[in-house]
Amino acid sequence: MGEDESGVAALVESARAGESQAWDDLVARFGGRVWAVCRAYNLSRADADDVFQVVWMRLVNSLDSIREPDRLGAWLATTTRHEALRVLRKAGRQIPVGDDAGLDRPDESAPGPDARLLRTEREAALWAALEELSPDCQRLLRVMLADPPPSYQEVSLALGMPVGSIGPTRGRCLNHLRSKLRGINGGVAGSS
Amino acid sequence: MSDDVGLGGGPAADEEDETLMAELRAAAGRADPVPDEAVVAARAAFAWRTMDAELASLAYDSLLDDRPLAGVRGVATPRLLTFQAAGLTLEVEAVGEGQERRLLGQLVPPQPGHIEVRHRGGRLTVEADGMGRFAAAGLRPGPVSLRCDPATTGPVYTDWFLA
């Protein structure tokens, strides 16, 4: 999605050659996407930290063998999904393998995103509406809300869902979000 | 509820969706950014770049490769991992709960050798016996990698896994 692929390939080349600045740039560029996948699987903060770290440690080992450096985003999406699934399996939680069937219940004890950091009423309402969506929708949207956003192929690999279903599902989820938002705004208006 | 009707909805609806996504993205960036400590750890990973040994990549992990059977959740089964390099395979069983992890391992082909275990608490060295068996205890949960200097081939190190 507008990814400068030759730029990514050049960063991978430089990192292979040992340039730590190129590595830092890769972390800056893809970190948001890796984190979003960790969160999409509803990992606790500690588990998300572990998965995030081990994904980058594995990338260090794989720098020389990633055959298409411009497909780094796809490698990261796949690796992060696998590490997240391992953590969920170890904890014995229900796992969406497939990943469209059988959703795990949100881990209520997991310290999640902090809504207090939101600045405006509009943002708070958007976030509240997002958190009311089905786990399916939350998972998909959380991955797609990374900055910069992932390609559809990356989303597909991160969640184990077909590329062709991403667009229509996103559309449905956004429509659900709009109706939740109307409920929230209606509630606010009614109580004032 | 007009926006719940029909598929797509044309360019105007697409634009509305993009605008909403942009707003949500800004909110996600504020409510759930990548933690600074996570970025620091990811940057520091580069220091683990290893040029003087061969990577034994993860070929099998029971956590990922064996789908749990319905109804047997809760039965503790050991986690088995296999790492493969050209001339050496490491089979590792990872066990432990709470704040301690233990490894039981086997070098294939069987042979003695020094094995360095890297984990969040530091490094420790164990010896594989004549049958290629080794054990390591007192590991902290988190990323783990083994480095082995076998008699038959050059040094080998395994990919990282979360123990």
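The structure presented is a predicted model; accordingly, all values stated were derived computationally and were not measured. Note that residues are indexed from 1 along each chain, following the sequence as it is written. Note on labels: chains are lettered from A, ligands numbered from 1, in written order. At least 70 in pLDDT is required for a residue's local features to be given in this predicted model, at least 80 for side-chain atom pairs to be given and counted, and no such filter applies to totals for whole chains, interfaces and linings, which use all residues.

**Student:** I'd like a rundown of the overall build of chain B, residues and numbers included.
**Tutor:** Along the backbone of chain B there are three helices and ten strands. Note on conventions: DSSP H or I runs of at least 4 residues are helices, E runs of at least 2 residues are strands, and numbering of each starts at the N terminus. Moving toward the C terminus, one meets the helices and strands of chain B in the order α-α-β-α-β-β-β-β-β-β-β-β-β. Counting other C-beta atoms within 10 Å of a residue's C-beta gives its exposure: the residue is buried at 20 or more, exposed at 12 or fewer, and partly exposed in between, where C-beta atoms are placed from the backbone. With 163 residues in all, chain B has 29% of them scored as buried. Taking the intrachain contacts of chain B between residues at least 6 apart in sequence as the baseline, contacts between residues at least 24 apart amount to 48%. Any pair of residues counts as being in contact when their C-beta atoms, constructed from backbone geometry, are within 7 Å of one another.

**Student:** Would you mind going over the pairing of strand S6 (residues 122-128) of chain B in detail, with residue names and values included?
**Tutor:** All names here are of chain B. Should DSSP find at least two bridges between two strands, the strands are taken to pair. As judged from the seven bridges shared by strand S5 (residues 113-119) and S6, these two strands associate in the antiparallel manner. In the sheet register, Ile 115 faces S6, and the bridge partner there is Val 126. Where S5 folds back on S6, the antiparallel hairpin that results is connected by two residues.

**Student:** Outline the interface of chain A and chain B, supporting the account with residue identities and numerical values.
**Tutor:** Quoted interface sizes are often the accessible area lost when the parts come together. Each partner contributes residues to the interface: chain A has 47 residues there, and chain B has 39 residues. Listed by contribution, the elements that provide at least two residues to the side of chain A that touches chain B are helix H2 (20-40), helix H3 (45-62), helix H4 (72-90), helix H5 (121-132), helix H6 (135-144) and helix H8 (163-191) of chain A. Sorting elements by how many residues they give to the side of chain A that touches chain B places H3 of chain A first, with ten residues. Its residues placed into classes, the side of chain A that touches chain B shows 23 nonpolar, ten polar and 14 charged. Asp, Glu, Lys and Arg are counted as charged, while Ala, Val, Leu, Ile, Met, Phe, Trp, Tyr, Cys and Pro are counted as nonpolar; the rest, among them Gly, fall into the polar class.

**Student:** Account for the nonpolar core, with residues named and values stated.
**Tutor:** By definition, a nonpolar core groups buried Ala, Val, Leu, Ile, Met, Phe, Trp, Tyr and Cys residues that connect through C-beta atoms lying within 7 Å of each other. Formed by 85 residues in total, the largest nonpolar core has its most connected members in Val 37, Cys 38, Val 51, Phe 52 and Val 143 of chain A. The greatest single-element share of this core, amounting to ten residues, is contributed by H2 of chain A. There are two domains that each give this core at least three residues, and those are domain 1 (2-33) and domain 2 (52-162) of chain B. If we skip the residues at most four places from it in the chain, Phe 52 of chain A touches Val 34, Trp 35 and Cys 38 of chain A together with Ala 38 and Ala 42 of chain B. The split into domains, and so the bounds of each, comes from an automatic or database assignment of domains.

**Student:** I'd like a rundown of the confidence of the model for chain A, residues and numbers included.
**Tutor:** Residues with a pLDDT of 70 or more make up 85% of chain A, whose mean pLDDT is 87. Scored below 50 in pLDDT, residues 97-110 of chain A makes 26 contacts in the model with residues more than four places away or belonging to other chains. Confidence of the predictor at the level of single residues is captured by pLDDT, which takes values from 0 to 100.

**Student:** Break down the packing of H2 of chain A against H6 of chain A for me, citing the residues and quoting the values.
**Tutor:** Residue and element names in this part refer to chain A. With their axes 8 Å apart at the nearest point, H2 and H6 run at an angle of 170 degrees to one another. Taken together, the axes of H2 and H6 lie roughly antiparallel to each other. Contacts from Ala 36, Val 37, Arg 39 and Ala 40 of H2 reach H6 at Arg 139, Arg 142 and Val 143. Its residues assigned to classes, the contact of H2 with H6 shows four nonpolar, no polar and three charged. Lines fitted to the C-alpha atoms define the axes, with helices restricted to the stretch that makes contact. Angles between their N-to-C directions range from 0 to 180 degrees. Angle categories are assigned with fixed cut-offs, so that under 35 degrees is roughly parallel, over 145 is roughly antiparallel, 65 to 115 is roughly perpendicular, and the rest are oblique.

**Student:** Go over unusual backbone geometry, please, and point to the residues and values.
**Tutor:** Residue Asp 147 of chain A is joined to Pro 148 of chain A through a cis peptide bond whose omega torsion reads -5 degrees. The topology assignment puts Pro 148 of chain A in the loop between H6 and helix H7 (152-159). Cis geometry marks the peptide bond from Val 108 of chain B to Pro 109 of chain B; its omega dihedral reads 0 degrees. Secondary-structure assignment places Pro 109 of chain B in the loop between strand S4 (101-108) and S5. With a phi close to 60 degrees, Asn 42 of chain A is a non-glycine residue in the positive phi region. Topologically, Asn 42 of chain A is positioned in the loop between H2 and H3.

**Student:** Quick rundown of the packing of H4 of chain A against H7 of chain A? Include the residues and the values.
**Tutor:** Residues and elements named next belong to chain A. Taken N-terminus to C-terminus, the directions of H4 and H7 make an angle of 20 degrees; their axes are 7 Å apart at the nearest point. With respect to H7, the axis of H4 lies roughly parallel. As for how H4 packs across H7, the hand of that crossing is right-handed. Of H7, the residues touching H4 (which contributes Gly 73, Ala 74, Ala 77, Thr 78, Thr 80 and Arg 81) are Gln 153, Glu 154, Leu 157 and Ala 158. Classifying every residue of the contact of H4 with H7 gives four nonpolar, four polar and two charged. It is the rotation of the near helix from the far one that decides the hand of a crossing: anticlockwise by less than a right angle makes it left-handed, clockwise makes it right-handed.

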